[in-house]
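One-letter residues, chain by chain:
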Amino acid sequence: MPALPTPSQVAGRHLPLFEAYYKELDPKNTNNIGALNAAKFLKNSGLPDALLSKIWDLSDPNATGFLTKAGLFVSLKLVALAQNNLDVSMANIEKDVPPPMMGDATVFPPNIPTAPSPLPVISSIPVVPVDWSMTPMERLKYETLFESLQPQNGFIPGNKVKGVLMDSKLPTDTLGKIWDLADMDKDGCLDRHEFIVAMHLVYKALEKFAIPATLPPELLPPAKRKALEHNKVGPPPLVPPPPAVVVPAPAPWVVSAEDQARYEAMFVKADADQDGFVNGPEIKHVFLSCNLAQSVLANIWSLADMNQVGKLNKEQFCLAMWLVQQALKGHDLPSSLTPEMVPPSMRGPGAPSAAPAAPPPPPSNPEMDMISRDIAELSAERTALENEIAGKQADIHIRSGEIKSLQGELDALAATLRQLENQKVEAAKRLADLKLQVDKLRTQATDQETLLSRQEEELHSKKKELDSLKHEEHELEKKQKELNKKVNHLSDGLQETQLLISQVKSKVSSLEELQRAMNQLISISKEAFLRKCTSLKAELEKALEDRYGDKLS
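All values derive from a computational prediction rather than experimental measurement. (Residues numbered from 1 in each chain as written. Predicted model: local features only at pLDDT ≥ 70, side-chain atom pairs only at ≥ 80, totals over all residues. Heavy atoms only, no water.)

Trainee: Explain the environment of Glu 194 here, please?
Mentor: With respect to the element layout, Glu 194 can be found in helix 9 (residues 192–206). Not counting residues within four places of it along the chain, the set of residues in contact with Glu 194 comprises Ala 182, Asp 183, Met 184, Asp 185 and Cys 189. (Helix = DSSP H or I, 4+ residues; strand = E, 2+ residues; numbered from the N terminus. Contact = heavy atoms within 4.5 Å.)

This is the structure we're talking about:
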């Protein structure tokens with residue numbers, strides 16, 4: 001089973017950016033990104049479907065139908081290789097290249113300001129402006145990319161930024177405009193805010209938005225934004241202006257841009273119903289987690305809820321969290337909001353004032369009052385028209401987003417279908433191979449069973465022979481013992497016999513000696529007897545003859 005390289009080996013110096021993409025696709029860290037979500041995400045790279053299919057095959061080598069964290073990192077690196085005109089293969093997976101440009105698939109409806117301008121234009125209906133503000137998730141993505149480029153003392157030199165900008169494949173003149181707008185201090189380097197502005201403009205340009213001639217106020221730092229709003233010159237007045245009153249420049253907001261981005265991310269999570277406001281129950285857990293007294297929290301809520309409507313908008317929530325931090329640091333809360341504490345959107349005409357009351361206005365002029373009423377009516381009409389246009393524009397954006405989403409889902413489904421078809425073909429091949437292997441294994445198993453049966457029979461026969469041999473061995477041992485006894489007995493008898501033979505031989509020798517002596521004696525006796533008999537015979541014959549001679553004759 002092929003193994004993918006580790007995420008750190010693949011991402012290299014872009015590890016924070018890759019981690020941000022992974023958290024966006026798999027917020028619960030399940031290590032399982034579905035095929036539909038992954039294909040839809042990879043579609044944002046703008047690469048051809050055939051190349052994306054190849055990237056998917058390399059990222060999912062085991063054909064599991066989903067991407068793991070390592071698989072997602074591999075797919076991102078392969079997208080970066082393709083966007084840099086390099087060979088899309090695992091051989092280049094650890095090559096250092098600029099990060100992938102994944103576009104932005106989410107469509108956000110424009111945020112149209114509803115506050116009327118001092119003097120509305122009557123001649124024509126205004127065009128709905130483009131919303132150049134960025135969401136907390138977008139800001140986090142740009143900040144992560146900024147950190148991945150290893151800034152020196154908070155700045156990134158132009159040659160490093162050039163590579164990132166060129167990766168977008170935008171026209172050179174468009175990139176030149178983006179650089180001119182982003183490099184606000186014209187020092188040839190970009191700080192964190194300037195880099196975020198540059199990347200936001202790049203993504204907007206990729207979404208086919210025209211780059212403005214001047215930097216939109218939403219992208220300026222808060223201090224410069226307020227100064228710009230203060231220095232704006234409106235259309236010429238329709239009536240003689242009232243006596244000039246020196247108005248001081250608006251003070252910068254106490255909530256820094258970094259804190260505002262962090263608090264806005266908390267606001268988005270707390271705004272469960274997505275109505276742009278949070279009420280007490282929605283942020284109760286946020287306030288209670290601060291471990292402040294109920295009276296302090298109530299005072300903070302009262303200061304932030306300037307209109308006393310029982311809910312806070314995004315800026316009021318940011319202000320409330322800033323006051324919470326001040327209270328945690330041991331600072332005393334103000335009795336009322338100072339001018340620099342008032343949210344920027346609530347500092348205009350007609351906004352609720354938290355500062356001490358201003359001096360009474362000069363005596364009213366009937367003509368001025370009538371013109372003011374006309375202006376107010378025209379402003380109300382303009383606001384209504386702007387709201388209507390904004391609604392239509394939002395509907396268009398929503399419909400366009402739905403169309404893009406459906407198209408993306410269709411493309412993802414088509415890619416998934418092709419992937420499944422490829423997997424089906426591969427599965428069929430694997431199934432055929434497995435069937436052959438199964439048949440072969442079955443044949444081998446049958447042969448093994450036959451061989452095993454034969455070996456078992458031989459073993460059984462051998463066991464019988466062994467038992468028989470053991471029995472014979474036992475019998476032979478018994479016979480051997482008996483024979484040993486007989487041999488011992490015979491040996492004892494042999495010894496006795498030999499002794500007896502020796503004794504007999506001795507007696508035989510004695511008898512032979514005796515026999516020889518007897519034979520000699522017999523011979524002697526016989527000779528003596530013969531001589532005696534001869535003598536006796538002669539004597540007897542003589543006696544007989546002497547006695548019975550006459551009669552015998």
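Trainee: Can you walk me through helix 8 (residues 172–182) in this structure?
Mentor: Restricting attention to buried positions, one finds in helix 8 the residues Thr 174, Leu 175, Ile 178, Leu 181 and Ala 182. Down the axis of helix 8, the buried set is contained in an arc of 125°. They therefore lie on one face. Turned more than 90 degrees from where helix 8 packs its buried face, Thr 172 and Asp 173 sit exposed. (Buried < 20%, exposed > 50% of the residue type's maximum accessible area, 1.4 Å probe, protein only. Arc of directions from axis to C-beta.)

Trainee: Please clarify how the environment of Ser 336 should be interpreted in this entry.
Mentor: Its place among the elements puts Ser 336 in the loop between helix 14 (314–328) and helix 15 (366–552). Since its relative accessible area comes to 34%, Ser 336 is described here as partly exposed. Along the sequence, Ser 336 and Leu 303 sit 33 residues apart, while their C-alpha atoms lie 6.6 Å from each other.

Trainee: Teacher, can you tell me more about the nonpolar core here?
Mentor: The tendency in soluble globular proteins is for nonpolar side chains to be buried as a group. Phe 195, Met 199 and Leu 201 are the most contacted members of the largest nonpolar core, which totals 59 residues. Lining this core are residues from two domains, each supplying at least three of them: domain 1 (7–92) and domain 2 (136–219). Among the nonpolar cores identified, the runner-up in size contains 31 residues, and Val 255, Ile 283, Leu 319 and Val 342 belong to it. (Core = buried A, V, L, I, M, F, W, Y, C linked by side-chain atoms within 4.5 Å. Domains from an automatic or database assignment.)

Trainee: Any chance you could explain the packing of aromatic side chains here in plain terms?
Mentor: Any pair of aromatic rings gets described here by the distance separating the centres and the angle formed by the planes. Taken as a whole, this structure holds six aromatic pairs when the rule is applied. Measuring from ring centre to ring centre gives 5.6 Å for Tyr 142 and Tyr 203, while their planes differ by 35°; the resulting arrangement is tilted. In this pair, Tyr 142 is assigned in helix 6 (residues 136–148) and Tyr 203 in helix 9, connecting sequence segments 61 residues apart. One exposure class covers both Tyr 142 and Tyr 203, and it is buried. Each ring, one from Phe 287 and one from Trp 301, has its centre 6.4 Å from the other, and the planes form 80°; the classification is edge-to-face. Placement of Phe 287 in helix 12 (residues 280–288) and of Trp 301 in helix 13 (residues 294–304) is noted, with a sequence separation of 14 residues between them. Summarising the burial analysis for this pair, Phe 287 and Trp 301 share the class buried. (Phe/Tyr/Trp six-rings, centres within 6.5 Å; stacked < 30°, edge-to-face > 60°.)

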